[in-house]
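# Structure at a glance
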Amino acid sequence: MSCDLTDPAILEAYQEIVSGTPTNWLILGYHDTRDKISLYSKGAGGLEELKANLKEEVLYGFVRIENKFALLAYVSEQVSGLRRARALVHGKAVGALFKHNDAQINSSSLSDLSEEKVRSRLGLIDGPPTPEGSDSPKIPSSPAPVPLPRPVTPISPSTPSNSNSFNGSPVPEASSPARAASPLLSPGLSTPRTERQMEIEAAERKVREEMERQKRAEIAKRQRETQEREAREQELLAQKQSEELERKRKEESDRIAREAMKKQLIEMERLRGSGLSGYITIQGSGSPYWRRRFYLMRGQVVAFFRDENDRHPVSEMRLGGRVTNIEDASLDCLIPNSFRVDLYTGESHLFFSDTAKDKELAIAGFMKCNESA
C-alpha cells in the first residue's frame, strides 16, 4: 500500500510555505489514480481558502498559521472503508515528507477544521476563550460551554465559612468525584476519535484480509500453472521419446532392408556381371543446379550418363570407403525421395529418385559400392 510522492511540485509548494513566502497552504490528492499523490492546489489565503478548495474525496493539506504548521488529512464521509484504510497508511508517508509540522489533524467534515479548533491544536489558543466583561471582578455562577478539546470543570471557591473543623482543627475538603475523574480530553471529543480509529482499524483489517486472499489466490494460480507446465513438459518429453523410438525403429528397419538389397545386388552382379542402373536426379557438391542422369553402379564406381543410350559417362564417383554418411534429405531440400551422400573429403551430394523404392535401391547401391573391395 505504498504511495508515489515524486511530483516535484509538492516539495516546491512545501518549501514556499515553511520558508515564509506568501504561500501558506497546499492540498494534495490522487487525480483519479490509486497510489500516485500530486499537488492539487496552493494559495496564500490561509485556512479558509484551503477549506474552500476541499472536495468530497481523500485529500491531504498543509497550512501555516502564524508561526505554526498543521498537517491535515481530509477523508470525506462518502469515502469507502477500503480507501479510508489506504488513506491512513498514505497519510503517514505524507507526514514523513512534511516533517516540519506542529500538529496532525484527521477530519471528515469542514466543521472539524474551524479556525478555533485548528489554532487550539497548534497551541495558539491558551485555554478557553475569555468571555466578554472578563475585566469585571464578578465571577459567573456557571462556566459557559467551550468547544475546545480540553473542558473546564468549574471549581467552587473555598471560604473559611465552608471549612469543616473538629476541635478547632481544619479538615481537608473532600475531592469532588467529578473533578478527580476528569479526563484530559472531554468525552465529547475523544469518543468520536475512538470510533473513527476503530473504523479505520476495521478497514485496515479488511484490506489485510483481502491482500491475504489475493496472495493465496496468486500462490494457487502459480501452483496450477506450474503443474500444467510440468504436465505439458512431461507430455512433450513422452512424445519426443516416442518419436525418437519410432525414428530408431524405422532407421533399423531401413538398414536391414538396405543390407538385404545390397546382398541381392552383389549376388546379381556376380551372377550376371551387370551392376545396378536407373534414372536419378543429382545436385553435385557446390552446384546450385539439379541434373537428371542415368546411373550405372559397378564395383566401387558410380557412372552418370545423359541417358541410357549414352556410351560415355558425363561424370563418375569413385567410392570404395570414401562415403562417411548416407541419410534422408527430405527436410533439407524439401523434395520427396531425396537423400544425401557425404564423403570423407567434406563434399556432400544430393540425390532424389522417382519413387521410394528407387530411392532405397539407389542407397543400397551406394552402400555396396562403398564396401566393394
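Going by the structure above, here's the rest.
All values reported here derive from a predicted model rather than from experimental measurement. (Residues numbered from 1 in each chain as written. Predicted model: local features only at pLDDT ≥ 70, side-chain atom pairs only at ≥ 80, totals over all residues. Heavy atoms only, no water.)

## Some thoughts on the overall build of the protein chain
Along the protein chain, the regular secondary structure elements total eight helices and 14 strands. Considering the protein chain as a whole, with its 373 residues, one finds that 31% of them fall into the buried category. The long-range share in the protein chain, meaning contacts at least 24 apart out of those at least 6 apart in sequence, stands at 52%. Just so you have it, the protein chain exposes about 24,200 Å², and 52% of that area is on carbon and sulfur atoms. (Helix = DSSP H or I, 4+ residues; strand = E, 2+ residues; numbered from the N terminus. Buried < 20%, exposed > 50% of the residue type's maximum accessible area, 1.4 Å probe, protein only. Contact = heavy atoms within 4.5 Å. Areas by Shrake-Rupley, 256 points an atom, 1.4 Å probe, with all protein chains shown as cover.)

## As for the pattern of salt bridges
A side chain with one charge can pair with a side chain of the opposite charge if their charged atoms come near. Overall, the coordinates contain 19 salt bridges when judged by the stated rule. Here Glu-77 makes a salt bridge to Arg-84, at a shortest N to O gap of 3.3 Å. In this structure Glu-77 comes out as exposed when scored by relative accessible area, which is 55%. Given a relative accessible area of 4%, Arg-84 falls into the buried group. (Salt bridge = Lys/Arg side-chain N within 4 Å of Asp/Glu carboxyl O.)

## Quick word on the sheet that holds strand E10 (residues 301-305)
Strand order in the open sheet formed by seven strands is E11-E10-E9-E8-E14-E13-E12, with antiparallel pairing between adjacent strands. The sheet is open, and its two borders are formed by strand E11 (315-318) and strand E12 (323-328), each paired with just one other strand. For this sheet, the mean angle separating the axes of adjacent strands, direction not counted, is 30 degrees. Pairing of strand E9 (residues 291-298) with E10, which is carried by five bridges, proceeds in the antiparallel orientation. Following the sheet pairing, Met-297 is matched in E10 by Val-302. (Pairing = 2+ DSSP bridges. Axes fitted to C-alpha atoms, helices over the stretch in contact; angles between N-to-C directions.)

## A few points about the sheet that holds strand E3 (residues 58-65)
An order of E2-E1-E3-E4-E5 is seen for the five strands of this open sheet, with the pairing classed as mixed. In this open sheet, the two strands that pair with only one neighbour each are strand E2 (38-43) and strand E5 (103-107). Averaged over all pairs of adjacent strands, the angle between their axes in this sheet comes to 20 degrees, without regard to strand direction. Sheet topology places strand E1 (residues 25-29) next to E3; four bridges connect them, and they run antiparallel. Directly across from Trp-25, in E3, lies its bridge partner Val-63. Lying on the sheet, helix H3 (residues 81-97) is in contact with E1, E3, strand E4 (68-75) and E5; it crosses E3 at an angle near 35 degrees.

## Considerations on the environment of Arg-83
Within the secondary structure, Arg-83 is located in helix H3. Spatially, the C-alpha atom of Arg-83 lies 9.6 Å from that of Ile-200, the residues being 117 residues apart in sequence.

## Quick notes on the pairing of E9
With seven bridges joining them, strand E8 (residues 276-283) and E9 adopt antiparallel strand pairing. Bridge pairing links Leu-276 to Met-297 in E9. Between E9 and the antiparallel strand that follows it, E10, lie two residues; Gly-299 among them carries a positive phi value of about 65 degrees.

## What about unusual backbone geometry?
In this structure, His-31 takes a positive phi of about 50 degrees despite not being glycine. Within the secondary structure layout, His-31 lies in the loop between E1 and E2. We classify His-31 as partly exposed; its relative accessible area is 45%. Located in the positive-phi region is Asp-32, a residue other than glycine, with phi close to 65 degrees. Position of Asp-32 relative to the elements: it lies in the loop between E1 and E2.

## Considerations on helix H1 (residues 8-18)
Three- or four-residue spacings in an α-helix give side chains the same orientation, since the helix completes a turn every 3.6 residues. Inspection of H1 places Ile-10, Ala-13, Tyr-14 and Ile-17 among the buried residues, and these make up the whole buried set. Along H1, the residues classed as buried sweep out an arc of 105 degrees about the axis, all on the same side. Across from the buried face of H1, at angles greater than 90 degrees, the exposed residues are Pro-8 and Glu-12. Its buried side turned inward, H1 meets E1, E2, E3, E4 and H3. The positive-phi residue at the C-terminal boundary of H1 is Gly-20, with phi of around 90 degrees. (Arc of directions from axis to C-beta.)

## Structural notes on the packing of aromatic side chains
The full count for this structure, using the stated rule, is 11 aromatic pairs. Both rings, one in Phe-62 and one in Phe-98, keep their centres 5.2 Å apart while their planes meet at 55 degrees; by these two values the pair is tilted. Here the residue Phe-62 occupies a position in strand E3, and Phe-98 occupies one in the loop between H3 and E5, the gap between them amounting to 36 residues. Of the two residues, Phe-62 and Phe-98, neither departs from the other in class, the shared state being buried. Aromatic side chains Phe-304 and Phe-351 sit 6.3 Å apart centroid to centroid with 20 degrees between the ring planes, which places their arrangement in the stacked category. Here Phe-304 is found in strand E10, whereas its partner Phe-351 is found in strand E14 (residues 348-352), with 47 residues between them in sequence. For the residue pair Phe-304 and Phe-351, the accessibility class agrees, reading buried in each case. Here the aromatic cluster, defined as three or more aromatic residues joined through ring pairs, consists of Tyr-14, Phe-62, Phe-69 and Phe-98. (Phe/Tyr/Trp six-rings, centres within 6.5 Å; stacked < 30°, edge-to-face > 60°.)

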